[in-house]
There are 2 protein chains.
Amino acid sequence: MIDLGLRFKAQSDIFSDRMPPEKIRDVLVSELPDAPSGLDAVLSMFAQTVLPLCKNEASPHFVGFGDTGDDPAALAGGLLALLTQQNLINQSFDAPSATFVEMVVLRWLRDLLGYHNAPVSNIQTVWDVGGVITHGGTTSNAVAMMLAREHKAPGTMHVGVVNPNQFGIIVPRGIGHYSVKSALTWIGVGDQAIEVDTHAFRYDLTALERALHEHRDQVMSVVAYAGDSRTQTVEHLRRVYEIVSTADPRIWLHVDACWGLVAAFSDKFRYLLDGITEFDSVTVDPHKVMAVPYSLSALVVRQPASLRTVSSYSDLIMQEDYAFGQVTPFIGTKGWLSLKLWMMMLSHGRAGLAALAEHRVSKARRFAALLDEHPHMLRMHDPDLSAVAFVYLPSNVRPESTVTELEIDWINTVNQGIHDRMLAEGSWYLHQFSLPDDHGRLRAGATLYPFRFMANNPRTGEHHMAEVIDYVTKLGGNLEGELR
Amino acid sequence: MIDLGLRFKAQSDIFSDRMPPEKIRDVLVSELPDAPSGLDAVLSMFAQTVLPLCKNEASPHFVGFGDTGDDPAALAGGLLALLTQQNLINQSFDAPSATFVEMVVLRWLRDLLGYHNAPVSNIQTVWDVGGVITHGGTTSNAVAMMLAREHKAPGTMHVGVVNPNQFGIIVPRGIGHYSVKSALTWIGVGDQAIEVDTHAFRYDLTALERALHEHRDQVMSVVAYAGDSRTQTVEHLRRVYEIVSTADPRIWLHVDACWGLVAAFSDKFRYLLDGITEFDSVTVDPHKVMAVPYSLSALVVRQPASLRTVSSYSDLIMQEDYAFGQVTPFIGTKGWLSLKLWMMMLSHGRAGLAALAEHRVSKARRFAALLDEHPHMLRMHDPDLSAVAFVYLPSNVRPESTVTELEIDWINTVNQGIHDRMLAEGSWYLHQFSLPDDHGRLRAGATLYPFRFMANNPRTGEHHMAEVIDYVTKLGGNLEGELR
């Protein structure tokens, strides 16, 4: 089984086989047989029918995300977590040592981000640790929004939401992640994100000030991105903190640093996160930036005791000081996710994490340089971290002169067409999403559908970067011909 | 690593080493070193310092829960999920075949429970499937409560909670699981569970009718347990359905069948679940009853389209028909949890699942018989499934005559003392919790602190059952002597 899995991971293709979803559905959806099957038969069915259709994100051709999940120590941790079956819901009989491994990685993450850690002997409950491990950034962000709700109106956990209008959040327009907005719908305060204009993929600070004034008393939280989920641009966190705390110091400040955590690894990039420790909560996503297999996120909080406000209680299982089940909303039983991270971080050490960050950023800059040399490629931003968003420019478009709305439509048609074809062929993967042209590279105010390259994959080398640009160029040329 | 993990699982002890939490904390909590460590060094540190303190729930002496996580095919699925790194948030490039494996297991679960499945060709979106996979029963129950909230007041997702008083839920007093109550605090409707008296660990149906009448228009959901988390007593589901639907057909009916799923495996026990398909949603927990490693739960819904009411939308990643990320509140990125279950179910087949259920129930009955033969043991109920709750009776207590409140206190003191000592010694594990004496075995209305034996562990044999009873008797005798 290990061989089967590692051969799959090591293959250079993203997909061995590609089929439309309905065909896969028709092949795989069947009744549960009455008779048992031997494990060999099950594995052989898996290897022949299911596995060839799987995406291999560790392929050097998968350059649109970075969830390679291929760190050897993290894989070892995942394997041992699977076989040891600790349950982090409580400490005494379910996770005697795992509970403290979880605390250790939370403290390491806090330390990297610059948050203070209590002396070891002062950790006497889970509320002294200052963070929780969750299954993903969406859950972590939802917990953060619950902390904000409780901070705005203490006791809402018990009495329910009263006057939903007071629980608005401010997010940057067009570059936010859906998870904080969805969290509002889940926690009962309604879909009421207040979108504020951006400039160069960061808050337009004047617009932020104005929004805070206009929505006075209606805002429970301002959300900033340390590496947004499109271009990974890191917000000017200290300036956002200063503006928000001046306007209303009661507002809960949350940073989504799912991508930006990587900046905390190296002294060269830590300046990007200046001000982060003034924020009340920070979401990080080791499965995105540390090659840790799915899934693992953490929410770190400035004031550890704030987690008391969203705690659960049950005499069934969790009535003890070190039971993490008390401080993880939406989660009961929880496997030993943190072991993957403990092993990964120990195996790299601080020095190894710094090297990882530096390698990625320099690779992203190299990719940016390759784009700049190419007549058909236009970068949408200067990369802060490891993401580079760019568009394919059809032959007749000249970015130097005024680009019309009609030309924007044409650029989008071609770029979306390229992505569709790339997805159908499956030989390369670049991600695509909507993005405001926030640097005005083509037409200020336009919405574009760029590609996103991500430099997280250690197997993607210089020649792959050149090849994927050639591939996009080829598809673009073909499409231009066909569509005209 | 596999050897290390399997040796751990195969050891007969629950713990190799036992320490108070503060001592473990002081050993494990340390700074992240600057220098990298080789994987061998990390593994050796783990094997020497962390692993000996871990609990081994697959030990035959761990008889208080059943999360053995030791099904070979499920472990194979866990391993291959770890190495293949599919992300169930979307289908096209993240989980081309995994998405359909997830659908298959949901359909198998639906089928076992008796829910209708649409013809394969009619599954054209994730909203045609009728269920979601989540990380645990707590999350599944929270999604169910959100469905109930939206059913009671459509549009609450968008406008927020208005008038929290309309979102009450009815639960059975003293035997409910904290997760549904906690879910109310998370989803913004406030901590307002209405507890209804029970009889023999099921709703007192007259009291249920009265509560529905008294709280008319204030109830969004009635929650029933198909196997409560203490004695695994299965509710009379059809009668609850009849009473609730007569009183108010708009009420969302939810069953927590985390333990009761096992009754669906065998024709011998399926009658226990009669009426379950009248309920709007059902939570099941394969990691509890199918020896699947942590973690894996499912929420199954009567009307597949009801999941539309709690869906999320994002153009970042999920805008496609088969993206499960749209229908899993609180979760974004999600690993391939369902592969463990697919392999487990295929390897057992329907016949194997039936045998599993029958083996467990007969083992529980055998344990009950052993208790009945023993002068110091008193069962709290007749087991429906694989749990048996019982108390140690101190020498001077005679259940035949009237048991006083003072004697109840004494019984509780001794039983809680036994549990403390058992936990400290670590050679056996029986679970303990508060439980109403709902059969009046000692004193009707009293709250007891019984032990709970669980027959899920395949390694626990007849002699282990006798030994754990002897062990409790010995600890009880010692404690009686010391405490007098």
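It should be emphasised that the depicted structure is a prediction, and the values quoted were computed from it without experimental measurement.

## So, the overall build of chain A
Of regular secondary structure, chain A possesses 14 helices and 15 strands. Against the globule reference of 23 Å for 484 residues, chain A gives a C-alpha radius of gyration of 24 Å, in line with a compact fold. Out of the 484 residues belonging to chain A, those deemed buried represent 68%. For chain A, contacts bridging at least 24 residues in sequence account for 74% of all contacts bridging at least 6. Each charge class in chain A can be summarised by its mean position, and for the 40 positive and 55 negative side chains these summaries are 3 Å apart.

## Regarding the interface of chain A and chain B
On the side of chain B, 133 residues touch chain A, which itself brings 133 residues to the contact. Of the roughly 11,100 Å² buried between chain A and chain B, counting both surfaces, carbon and sulfur atoms make up 66%. Here chain A and chain B share 2 salt bridges between them. Among the salt bridges present, the one from Asp 94 of chain A reaches Lys 55 of chain B, with a minimum N-O distance of 2.6 Å.

## Let's talk about the packing of aromatic side chains
Within the structure shown, the criterion is met by 23 aromatic pairs over all chains. On the basis of an interplanar angle of 45 degrees and a centroid distance of 5.9 Å, the ring pair of Phe 46 of chain A and Trp 336 of chain B is categorised as tilted. You can see Phe 46 of chain A sitting in helix α3 (residues 39–50) and its partner Trp 336 of chain B sitting in the loop between β9 (297–301) and α12 (338–373), one on each of two chains. When sorted by exposure, Phe 46 of chain A lands in the same class as Trp 336 of chain B, which is buried. The structure contains a cluster of three or more aromatic residues connected by ring pairs, namely Phe 62, Phe 65, Trp 259 and Tyr 429 of chain A together with Phe 93 of chain B. The side chain of Lys 288 of chain A reaches across the aromatic face of Trp 259 of chain A, ending 5.7 Å from its centre.

## Side note on the sheet that holds strand β2 (residues 168–172) of chain A
Sheets are built from strands paired through backbone hydrogen bonds, the pairs being either parallel or antiparallel. Residue and element names in this part refer to chain A. The strand order β1-β9-β8-β7-β6-β2-β3 describes an open sheet built from 7 strands, whose pairing is mixed. Pairing within the sheet leaves two strands with one partner each, and these edge strands are β1 (131–134) and β3 (193–196). The mean angle between the axes of side-by-side strands here comes to 20 degrees, regardless of whether they run parallel or antiparallel. Relative to strand β9 (residues 297–301), strand β8 (residues 281–284) runs antiparallel, the two being bridged by 4 bridges. From the neighbouring strand, Thr 283 faces β9, where its bridge partner is Leu 299. With respect to the sheet, helix α10 (residues 237–247) is in contact with β6 (219–225) and β7 (252–256), its orientation differing from that of β7 by roughly 160 degrees.

## Side note on the packing of helix α9 (residues 205–214) of chain A against α10 of chain A
All names here are of chain A. Where α9 meets α10, the closest approach of the two axes is 10 Å, and the angle between their N-to-C directions is 20 degrees. Our classification of the angle between α9 and α10 gives roughly parallel. Crossing angle aside, the handedness with which α9 passes α10 is right-handed. Contacts between α9 and α10 involve Leu 205, Leu 208, Glu 209 and Leu 212 from the first element and Arg 239, Val 240, Ile 243, Val 244 and Ala 247 from the second. Counted by class, the contact of α9 with α10 contains 7 nonpolar, no polar and 2 charged residues.

## So, the pattern of salt bridges
Residues and elements named next belong to chain A. Applying the stated criterion across every chain yields a total of 46 salt bridges over all chains. Of the charged contacts, one joins Glu 102 and Lys 334 as a salt bridge, the two residues approaching to 2.6 Å between their closest N and O atoms. In this pair, Glu 102 is assigned in helix α5 (residues 98–113) and Lys 334 in the loop between β9 and α12 (338–373), connecting sequence segments 232 residues apart. This pair shows no difference in class: Glu 102 is buried, exactly as Lys 334 is. Residues Asp 267 and Arg 270 are paired through a salt bridge, measuring 2.5 Å at the closest nitrogen-oxygen approach. Judged by relative accessible area, which is 66%, Asp 267 ranks as exposed.

## Let's talk about the relation of the copies chain A and chain B
With an RMSD of 0.0 Å, the operation that places chain A on chain B is a rotation of 180 degrees combined with a shift of 0.0 Å along the axis. A rotation of that kind, with that shift, is consistent with a two-fold axis. Most of the interface of chain A is mirrored in chain B, where 100% of its interface residues are also at the interface.

## Some details on the pairing of β8 of chain A
Side-chain direction in a regular strand flips from residue to residue, so the side chains alternate between the two faces of the sheet. All names here are of chain A. The alternating pattern of β8 places Ser 281 and Thr 283 and Val 282 and Val 284 on opposite faces, both of which are buried. Here β7 pairs with β8 via 3 bridges, running parallel. Within the sheet, the bridge partner assigned to Val 255 lies in β8 and is Val 282.

## Here we look at the UniProt feature "modified residue: N6-(pyridoxal phosphate)lysine" (unreviewed entry) in chain A
Residue and element names in this part refer to chain A. The sites that carry the UniProt feature "modified residue: N6-(pyridoxal phosphate)lysine" (unreviewed entry) are, in the present numbering, Lys 288. Within the secondary structure, Lys 288 is located in helix α11 (residues 286–289). Those residues in contact with Lys 288 that lie beyond four places of it in its chain are Gly 66, Asp 67, Cys 258, Trp 259 and Asn 456. One polar contact links Lys 288 to Asp 285, side chain to side chain, over a distance of 2.5 Å.

## With respect to the sheet that holds β9 of chain B
Residues and elements named next belong to chain B. Strand order in the open sheet formed by 7 strands is β1-β9-β8-β7-β6-β2-β3, and the pairing between neighbours is mixed. Unpaired on one side and paired on the other, β1 (131–134) and β3 (193–196) mark the two borders of the sheet. Within this sheet the neighbouring strands show an average axis-to-axis angle of 20 degrees, counted without direction.

What counts and what doesn't
- Residues numbered from 1 in each chain as written.
- Chains lettered and ligands numbered in written order.
- Predicted model: local features only at pLDDT ≥ 70, side-chain atom pairs only at ≥ 80, totals over all residues.
- Heavy atoms only, no water.
- Helix = DSSP H or I, 4+ residues; strand = E, 2+ residues; numbered from the N terminus.
- Rg over C-alpha atoms; globule rule 2.2 N^0.38 Å.
- Buried < 20%, exposed > 50% of the residue type's maximum accessible area, 1.4 Å probe, protein only.
- Contact = heavy atoms within 4.5 Å.
- Lys, Arg positive; Asp, Glu negative; His and termini not counted.
- Charge placed at Lys NZ, Arg CZ, Asp CG, Glu CD.
- Buried area = accessible area lost by both parts, 1.4 Å probe.
- Salt bridge = Lys/Arg side-chain N within 4 Å of Asp/Glu carboxyl O.
- Phe/Tyr/Trp six-rings, centres within 6.5 Å; stacked < 30°, edge-to-face > 60°.
- Lys NZ or Arg CZ within 6 Å of the ring centre and 35° of its normal.
- Pairing = 2+ DSSP bridges.
- Axes fitted to C-alpha atoms, helices over the stretch in contact; angles between N-to-C directions.
- Parallel < 35°, antiparallel > 145°, perpendicular 65-115°, else oblique.
- Left-handed = near helix turned anticlockwise from the far one by under 90°.
- Nonpolar A, V, L, I, M, F, W, Y, C, P; charged D, E, K, R; others polar.
- Least-squares fit on C-alpha atoms with pLDDT ≥ 70 in both.
- UniProt positions renumbered as here; feature names shortened; annotations may be inferred.
- Polar contact = N/O pair within 3.5 Å; in protein donor to acceptor, adjacent residues only side chain to side chain.

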